[in-house]
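Chain by chain, the residues run as shown.
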Amino acid sequence: MTTRARTVTVTWPEANARRIDRQGLSVAASSAASSSASEGRTPADVVGAMLGAHAQVLSAAELSVALRLPGATRTAVREALWTDRTLVKTFGPRGTVHLLPATELPLWTGALSALPTGSSQPATDARMTPGQTEEVLAAVADALTGAELTIDELSDAVIARTGPWAGDPVMPAFQGMWPRWRQVMHLAGHRGVLCYGPNRGRKATYTNPGATPLPGPEAVAALVGRYLRAYGPATPAHFARWLATAGGWANRLFADLAATGTIEEVTYEGAPAWVAAGDTGFPAAPARGVRLLPYFDAFAIASQPRERLYPGLASERALAGGQAGNYPVLLVDGTVAGVWHQRRSGRRIAVTVEPLAPLTAVQLRELEDQVERVAEVLEGTAELTVGTVTVGPHA
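Residues numbered from 1 in each chain as written. Predicted model: local features only at pLDDT ≥ 70, side-chain atom pairs only at ≥ 80, totals over all residues. Heavy atoms only, no water.

Let us look at the packing of helix 7 (residues 130-144) against helix 8 (residues 151-162). When two helices pack together, their arrangement is given by the angle between the helix axes and by the axis-to-axis distance. It is the contact of helix 7 with helix 8, at a shortest axis distance of 9 Å, that shows an interaxial angle of 125°. Between helix 7 and helix 8, the angle is such that the two are oblique. Note on packing geometry: the crossing formed by helix 7 with helix 8 is right-handed. Facing helix 7, whose interface residues are Glu135, Val136, Ala139, Val140, Asp142, Ala143 and Leu144, helix 8 presents Leu154, Ala157, Val158, Arg161 and Thr162. A class-by-class count of the residues in the contact of helix 7 with helix 8 yields eight nonpolar, one polar and three charged. (Axes fitted to C-alpha atoms, helices over the stretch in contact; angles between N-to-C directions. Helix = DSSP H or I, 4+ residues; strand = E, 2+ residues; numbered from the N terminus. Parallel < 35°, antiparallel > 145°, perpendicular 65-115°, else oblique. Left-handed = near helix turned anticlockwise from the far one by under 90°. Contact = heavy atoms within 4.5 Å. Nonpolar A, V, L, I, M, F, W, Y, C, P; charged D, E, K, R; others polar.)

And the structure:
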């Protein structure tokens, strides 16, 4: 008779402490005293550990990254993105704009372009055939090679290379209708033929990063391993939610990777979950300290189960219809314990923090230090008010 090896048991405090440490959010990782340990780390290293920094609001991404890199400011992130080009701004997980490490673009494009297509489709009169989609993607790649084009310039170039059908105004937009071809912009990013270039005045530009995607199966397996090291233990449903992809596909993927020994099962919060094979070490001490995280911070979005990260009142105050990221959050000892908001006027940065429970004297001092660090990143001077945040999400 064969006996099954005993499964490792992981608690929420253990998983949470490891995630915070690997995210560069632990007391030691973010302390100036740890500069020797972080010496040589770059914004690209930090973004790699986060598995991308949500950059729909670029200033929030700059803050997310720099807060994890002792002594860094937003300028260091900007230089990595636009001068050194070690970061790339493109369409990442969930089809949303992210910063990704340039060296990892083959992995990301290979994995994201291998995801199953969603069931939602544009209106019938707006759809493109598979052949038209490939024609547009080829036109985007050609037009952006060696060029940095605004959206209008890119649109003209795509239509000139394909035909008037690509320019039909059939896509509902904020203030009118977009041309047909624009429905595949995120797919062009996932194929590695489109990313953002530097702004031209107030206008965004796009360019071709020249990324050759890794083969889909190889890239997806690598991404699962990276995800589990950053946010494990996790279930297929957690992974699918993070990518906004099909749960059934994720179930089959995890089963295949388990069969090859790439990932292994643990018991997490009393139920089966997965970690990368051999990655079963967890800290004994729970997370400690006070941290401020901006809009759509990777940790606040990806860490599961969400009800443990946003306990009690936090789920009502810091989530919008169950969606994470809409509010900047206050972390106390590793869980969301409030929201905050910052308003800038010149160099002055007024920071209002709304704790959901009274802070101790030690925690208040840590909060003051965090506010000073936020101001350092944003290259300004901070003023802290502990009180009610009166603005809504995305303010």
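Text resumes after the structure shown.
Let us now look at the sheet that holds strand 15 (residues 381-386). Here we have five strands laid out as an open sheet, ordered 11-12-13-14-15, and mixed in their pairing. This sheet does not close on itself; its edge strands, each paired only once, are strand 11 (290-293) and strand 15. Across this sheet, the average inter-strand angle for adjacent strands is 30°, counted without regard to direction. Across four bridges, strand 12 (residues 329-332) lies against strand 13 (residues 335-345) in antiparallel orientation. The residue bridging Leu330 from the neighbouring strand is Gly338, located in strand 13. (Pairing = 2+ DSSP bridges.)

With that settled, the discussion passes to the pairing of strand 5 (residues 169-173). Where strand 5 lies against strand 6 (residues 176-179), four bridges are found, and the strand directions are antiparallel. Its bridge partner being in strand 6, Pro172 is matched across the sheet by Met177. Count of turn residues in the strand 5/strand 6 antiparallel hairpin: two residues.

Taken as a whole, this structure holds eight aromatic pairs when the rule is applied. Aromatic side chains Tyr227 and Phe239 sit 5.2 Å apart centroid to centroid with 65° between the ring planes, which places their arrangement in the edge-to-face category. Pair noted here: Tyr227 is in helix 10 (residues 216-231) and Phe239 is in helix 11 (residues 236-243), with a separation of 12 residues, a long-range link. Each member of the pair, Tyr227 as well as Phe239, carries the same accessibility label: buried. Seen in terms of ring centroids, Phe239 and Phe254 are 5.7 Å apart; in terms of plane orientation they differ by 55°. Their pairing is tilted. Note that Phe239 is positioned in helix 11 and Phe254 in helix 12 (residues 247-259), a separation of 15 residues in sequence. Judged by its relative accessible area of 0%, Phe239 is buried. Three or more aromatic residues joined by ring pairs make a cluster, and in this case those are Trp108, Tyr227, Tyr231, Phe239, Trp242 and Phe254. (Phe/Tyr/Trp six-rings, centres within 6.5 Å; stacked < 30°, edge-to-face > 60°. Buried < 20%, exposed > 50% of the residue type's maximum accessible area, 1.4 Å probe, protein only.)

Within the structure shown, the criterion is met by four cavities of 30 Å³ or more. For the largest cavity, the calculated volume is near 70 Å³. As for the largest cavity, its lining consists of 13 residues, of which Gly52, Arg94, His98, Trp242 and Ala298 are closest to the centre. Of the residues belonging to the lining of the largest cavity, the class tally is eight nonpolar, three polar and two charged. (1 Å grid on protein atoms, 1.4 Å probe; cavity = no way out; pocket = protein on both sides within 12 Å on 5 of 7 lines; lining within 4 Å. Points joined across faces, edges and corners; volume = space filled by probe spheres on them.)

This brings us to unusual backbone geometry. Following Gly232, the chain continues to Pro233 via a peptide bond in cis, the omega torsion being -5°. Here Pro233 shows up in the loop between helix 10 and helix 11. With an omega dihedral of 0°, the bond running from Gln304 to Pro305 counts as a cis peptide bond. Inspection of the secondary structure puts Pro305 in the loop between helix 13 (298-302) and helix 14 (306-309). The phi angle at Glu269 is positive, at roughly 55°, despite the residue not being glycine. Inspection of the secondary structure puts Glu269 in the loop between strand 9 (263-268) and strand 10 (271-276). Residue classification places Glu269 among the partly exposed residues on the basis of a relative accessible area of 37%. For Phe296, which is not a glycine, the phi torsion comes out positive at approximately 50°. On the secondary structure map, Phe296 appears in the loop between strand 11 and helix 13. Phe296 gets classed as buried once you look at its relative accessible area, which sits at 13%.

The next point concerns the pattern of salt bridges. The full count for this structure, using the stated rule, is 16 salt bridges. A salt bridge links Arg22 to Asp279; the shortest N-O distance between them is 2.9 Å. In this pair, Arg22 is assigned in helix 1 (residues 12-22) and Asp279 in the loop between strand 10 and strand 11, connecting sequence segments 257 residues apart. According to the relative accessible area criterion, Arg22 is partly exposed, its value standing at 33%. Accessibility expressed as a relative area gives 12% for Asp279, which makes it buried. In this structure, Arg348 engages Glu383 in a salt bridge whose closest nitrogen and oxygen atoms are separated by 3.0 Å. Of the two residues, Arg348 sits in strand 14 (residues 348-355) while Glu383 sits in strand 15, which places them 35 residues apart along the sequence. Residue Arg348 is classed as partly exposed on the basis of its relative accessible area of 39%. (Salt bridge = Lys/Arg side-chain N within 4 Å of Asp/Glu carboxyl O.)

Grouped together as the largest cluster of nonpolar side chains are 91 residues, with contacts concentrated most on Leu99, Val140, Leu154, Leu194, Phe239 and Trp242. When residues of this core are assigned to their parent elements, the largest contribution, eight residues, is made by helix 10. For Trp242, the contacting residues outside a window of four places in its chain are Leu51, Pro93, Arg94, Trp108, Leu223, Tyr227 and Ala302. Among the nonpolar cores identified, the runner-up in size contains 31 residues, and Ala17, Val275, Phe296 and Ala324 belong to it. (Core = buried A, V, L, I, M, F, W, Y, C linked by side-chain atoms within 4.5 Å.)

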